[in-house]
Amino acid sequence: DTEVTQTPKHLVMGMTNKKSLKCEQHMGHRAMYWYKQKAKKPPELMFVYSYEKLSINESVPSRFSPECPNSSLLNLHLHALQPEDSALYLCASSQDLAYEQYFGPGTRLTVT
Amino acid sequence: RKEVEQDPGPFNVPEGATVAFNCTYSNSASQSFFWYRQDCRKEPKLLMSVYSSGNEDGRFTAQLNRASQYISLLIRDSKLSDSATYLCVVKTNTGNQFYFGTGTSLTVIP
């Protein structure tokens with residue numbers, strides 16, 4: 001089973017809202033990732049967690065706040081987003097940092 | 001210079017054709033290489049890892065040329081269902097970073 005699940009599938013939020021994106025995997029993977037993808041562009045790495053510790057933060061604005069409650073779960077907390085933050089947010093996991101990544105179906109976020 | 005460069009295409013080929021994509025990388029310390037396919041409005045899906053000796057999976061062949069720092073993907077006997085964007089991904093030794101190419105768009109025409 002190479003399944004990564006993400007909820008919600010779609011999210012529309014105002015600029016003053018607070019919301020969270022959730023990601024889950026039960027493959028025993030120890031690395032988890034958040035990516036942002038705009039139309040016709042490749043995914044852009046936002047955060048990497050390795051063994052539940054933040055390993056990489058790609059200079060992402062503080063209105064995006066990641067959280068890794070345990071080895072299977074990864075959250076992305078959103079607050080005071082801008083319309084340009086509208087994108088597909090992809091979660092991925094891998095056995096370890098060196099291995100291939102498996103992506104979830106993504107959350108399509110629209111900020112109004 | 002970008003870490004990974006990829007011809008964006010688009011490639012429009014007839015069914016049954018053979019098509020090849022190349023991807024060059026700039027960091028000679030890169031250690032792992034992958035091809036992903038992404039359908040419109042879907043997530044990237046792992047197509048195959050690329051090994052030093054080259055590897056084949058059905059109609060798909062991936063090759064790595066470390067001396068020239070490129071990886072390639074060959075698709076034989078193209079099917080309509082192969083239409084997608086193909087992303088090459090390179091992982092470096094340092095910083096545990098995965099770098100995505102911009103993706104190559106393929107359309108297989110009946």
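That block above? That's the structure.
Structural notes, computed from the coordinates. (Residues numbered from 1 in each chain as written. Chains lettered and ligands numbered in written order. Predicted model: local features only at pLDDT ≥ 70, side-chain atom pairs only at ≥ 80, totals over all residues. Heavy atoms only, no water.)

1. Remarks on the overall build of chain B
Link 1 in the chain: In terms of helices and strands, chain B carries zero helices and 11 strands.
Link 2 in the chain: Shown N-terminal to C-terminal, the secondary structure of chain B runs as helices and strands in the order β-β-β-β-β-β-β-β-β-β-β.
Link 3 in the chain: Here the C-alpha atoms of chain B give a radius of gyration of 13 Å, agreeing with the 13 Å that 2.2 N^0.38 yields for 110 residues.
Link 4 in the chain: In terms of its C-alpha atoms, chain B occupies a principal-axis envelope of roughly 45 × 30 × 20 Å.
Link 5 in the chain: In chain B, which comprises 110 residues, the share counted as buried stands at 45%.
Link 6 in the chain: Residue pairs at least 24 apart in sequence account for 57% of intrachain contacts in chain B once pairs closer than 6 positions are excluded.
Link 7 in the chain: For chain B, the computed accessible surface area is about 5300 Å², with 48% contributed by carbon and sulfur atoms.
Link 8 in the chain: Computing the positive centroid from 11 side-chain charges and the negative centroid from 10, chain B places the two 4 Å apart. (Helix = DSSP H or I, 4+ residues; strand = E, 2+ residues; numbered from the N terminus. Rg over C-alpha atoms; globule rule 2.2 N^0.38 Å. Buried < 20%, exposed > 50% of the residue type's maximum accessible area, 1.4 Å probe, protein only. Contact = heavy atoms within 4.5 Å. Areas by Shrake-Rupley, 256 points an atom, 1.4 Å probe, with all protein chains shown as cover. Lys, Arg positive; Asp, Glu negative; His and termini not counted. Charge placed at Lys NZ, Arg CZ, Asp CG, Glu CD.)

2. Some thoughts on the interface of chain A and chain B
Link 1 in the chain: Contacts between chain A and chain B engage 20 residues on the former and 20 residues on the latter.
Link 2 in the chain: Together chain A and chain B conceal approximately 1500 Å² of surface at their shared face, both sides included; 58% is due to carbon and sulfur atoms.
Link 3 in the chain: Remark: the boundary between chain A and chain B carries zero salt bridges.
Link 4 in the chain: Where chain A meets chain B, there are two residue pairs in polar contact (both at pLDDT 80 or more).
Link 5 in the chain: If you list the elements that add at least two residues to the side of chain A that touches chain B, you get β4 (31-37), β9 (87-94) and β10 (102-103) of chain A.
Link 6 in the chain: The element best represented in the side of chain A that touches chain B is β4(A), accounting for three residues.
Link 7 in the chain: Each residue belonging to the side of chain A that touches chain B can be placed in one class, and the counts come to 14 nonpolar, three polar and three charged. (Buried area = accessible area lost by both parts, 1.4 Å probe. Salt bridge = Lys/Arg side-chain N within 4 Å of Asp/Glu carboxyl O. Polar contact = N/O pair within 3.5 Å; in protein donor to acceptor, adjacent residues only side chain to side chain. Nonpolar A, V, L, I, M, F, W, Y, C, P; charged D, E, K, R; others polar.)

3. Quick word on empty space enclosed by the protein
All names here are of chain A.
Link 1 in the chain: Throughout the structure, instances matching the rule amount to one cavity of 30 Å³ or more.
Link 2 in the chain: A volume near 40 Å³ is recorded for the largest cavity.
Link 3 in the chain: Lining the largest cavity are H29, R30, A31, M32, Y49, Y51, E52, C68 and S71. (1 Å grid on protein atoms, 1.4 Å probe; cavity = no way out; pocket = protein on both sides within 12 Å on 5 of 7 lines; lining within 4 Å. Points joined across faces, edges and corners; volume = space filled by probe spheres on them.)

4. A look at the packing of aromatic side chains
All names here are of chain A.
Link 1 in the chain: Under the criterion given, the structure shown has 12 aromatic pairs over all chains.
Link 2 in the chain: Note on Y35 and F103: the rings are 5.4 Å apart at their centroids and 45° apart in plane angle, and the pair reads as tilted. With Y35 in strand β4 and F103 in strand β10, this residue pair connects regions lying 68 residues apart in the sequence.
Link 3 in the chain: Residue classification places F103 among the buried positions, given a relative accessible area of 6%. (Phe/Tyr/Trp six-rings, centres within 6.5 Å; stacked < 30°, edge-to-face > 60°.)

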